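Descriptive analysis of the structure
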Amino acid sequence: VSYGVVRSAQDTGNLGYKLALDGGVTVSMEAARNTSAGGTDNTYGVTYTGIDGMTLALGVGSTATGGTAEVASETAGIKYATGALTFGLQLTKVETDGTTEDEDGTHMGVTYNVNDDFTVGYVRQETDFSGSSSDEEHSGIQASYSMGSISFSGRVSKLDNQGGSASASDEDKHITMSIAF
């Protein structure tokens, strides 16, 4: 499904349909045979782009419906671009039937196009795992620069309390150069 339900139908035997309606509304549906748990995974989404520079999105999905605990997910997001700035916010909820393994996520980001060749951005994600005293927190800065057929991109990111564990953290630095022929 466009615009990301966290746990979408992605197995073999996938069937999807996307319908663009007048006024900037797009509806999408997807069903897939769940080859590991049996049953069918389903996702549904809707996006609205009828306001200049803005995208609104909603999505729901369910997976592992073949006799195991069903995982239901819901997400809502908004993206707004004005001039050189783009802002995004997405809220996600994931519930696993019969367990306390529920998750609530907040994803935020902002990018700034310095010029046609150079872009910088900041992202932050916070996930609350029910039953855990520590929220998982991701944050990062990224940048990209293009000159003709050569582009460079890089990021510096930090992860605290991975999986809700106060003792699990990580950092990442990454640089990429691409050449188009």
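Rules used in this analysis
- Residues numbered from 1 in each chain as written.
- Predicted model: local features only at pLDDT ≥ 70, side-chain atom pairs only at ≥ 80, totals over all residues.
- Heavy atoms only, no water.
- Helix = DSSP H or I, 4+ residues; strand = E, 2+ residues; numbered from the N terminus.
- Buried < 20%, exposed > 50% of the residue type's maximum accessible area, 1.4 Å probe, protein only.
- Areas by Shrake-Rupley, 256 points an atom, 1.4 Å probe, with all protein chains shown as cover.
- Salt bridge = Lys/Arg side-chain N within 4 Å of Asp/Glu carboxyl O.
- Pairing = 2+ DSSP bridges.
- Axes fitted to C-alpha atoms, helices over the stretch in contact; angles between N-to-C directions.
- Patch = residues over 30% accessible without salt bridge, like charges linked within 9 Å, V, L, I, M, F, W, Y side chains within 5 Å.
- Polar contact = N/O pair within 3.5 Å; in protein donor to acceptor, adjacent residues only side chain to side chain.
- pLDDT = per-residue confidence, 0-100.
- Contact = heavy atoms within 4.5 Å.

1. Description of the overall build of the protein
Scanning the protein for helices and strands turns up zero helices and 11 strands. Traced from its N-terminal end to its C-terminal end, the protein shows the element sequence β-β-β-β-β-β-β-β-β-β-β. Within the span of the protein, comprising 181 residues, buried residues form 22% of the whole. Per element, the accessible surface of the protein, about 10800 Å² overall, is 54% carbon and sulfur.

2. Overview of the pattern of salt bridges
Under the definition given, this model contains seven salt bridges. A salt bridge links R155 to D172; its shortest N-O distance comes to 2.7 Å. Of this pair, R155 sits in strand β10 (residues 150–160) while D172 sits in strand β11 (residues 170–179), placing them 17 residues apart in sequence. The exposure class of R155 is partly exposed, given its relative accessible area of 37%. When salt bridges with common partners are traced through the structure, they connect K93, E95 and D104 into a single cluster.

3. A word on the pairing of strand β8 (residues 118–129)
When strand β7 (residues 103–113) meets β8, the two strands line up antiparallel, connected through 11 bridges. By the bridge assignment, H107 is partnered in β8 with Q125. Hairpin connection of β7 to β8: four residues between the antiparallel strands. Where β8 and strand β9 (residues 136–147) come together, 10 bridges link them in antiparallel fashion. What sits directly across from Y122, in β9, is I141.

4. A look at the pairing of β7
In the sheet, strand β6 (residues 85–96) pairs with β7 via 10 bridges, with the strands oriented antiparallel. Among the inter-strand pairings, L91 is bridged to a residue of β7, identified as T106. Where β6 folds back onto β7 in an antiparallel hairpin, the turn is made up of six residues, including G98, whose phi is positive at roughly 75 degrees.

5. Quick word on the sheet that holds strand β5 (residues 71–82)
Here we have 11 strands laid out as an open sheet, ordered β1-β2-β3-β4-β5-β6-β7-β8-β9-β10-β11, and antiparallel in their pairing. Each having just a single partner strand, β1 (14–21) and β11 make up the two edges of the open sheet. The sheet shows a mean angle of 10 degrees between the axes of neighbouring strands, direction not considered. Of the strand pairs in this sheet, β5 and β6 are connected by 12 bridges, and their pairing is antiparallel. Within β6, the residue paired with S73 across the bridge is V94.

6. Re the environment of D41
Its place among the elements puts D41 in strand β3 (residues 40–48). Judged by its relative accessible area of 3%, D41 falls in the buried class. Between the C-alpha atom of D41 and that of N14, which follows or precedes it by 27 residues, the distance is 9.2 Å.

7. Remarks on a nonpolar patch on the surface
On the surface, Y48, I51, L56, I78, L89, L91 and M108 cluster together to form a nonpolar patch covering roughly 530 Å² of accessible area. By the element assignment, L56 lies in strand β4 (residues 54–63). Overall, the relative accessible area of 31% leaves L56 in the partly exposed class.

8. Things to note about the side chain of T75
Considering the arrangement of structural elements, one finds T75 in strand β5. Residue T75 is classed as buried on the basis of its relative accessible area, which comes to 6%. Here L91 takes part through its backbone oxygen, which lies 3.1 Å from a polar atom of the side chain of T75.

9. Considering the confidence of the model for the protein
Taken as a whole, the protein shows an average pLDDT of 86; of its residues, 86% reach a score of 70 or greater. Predicted confidence for residues 1–11 stays below pLDDT 50, and this span has 48 contacts to residues more than four positions away or in other chains.

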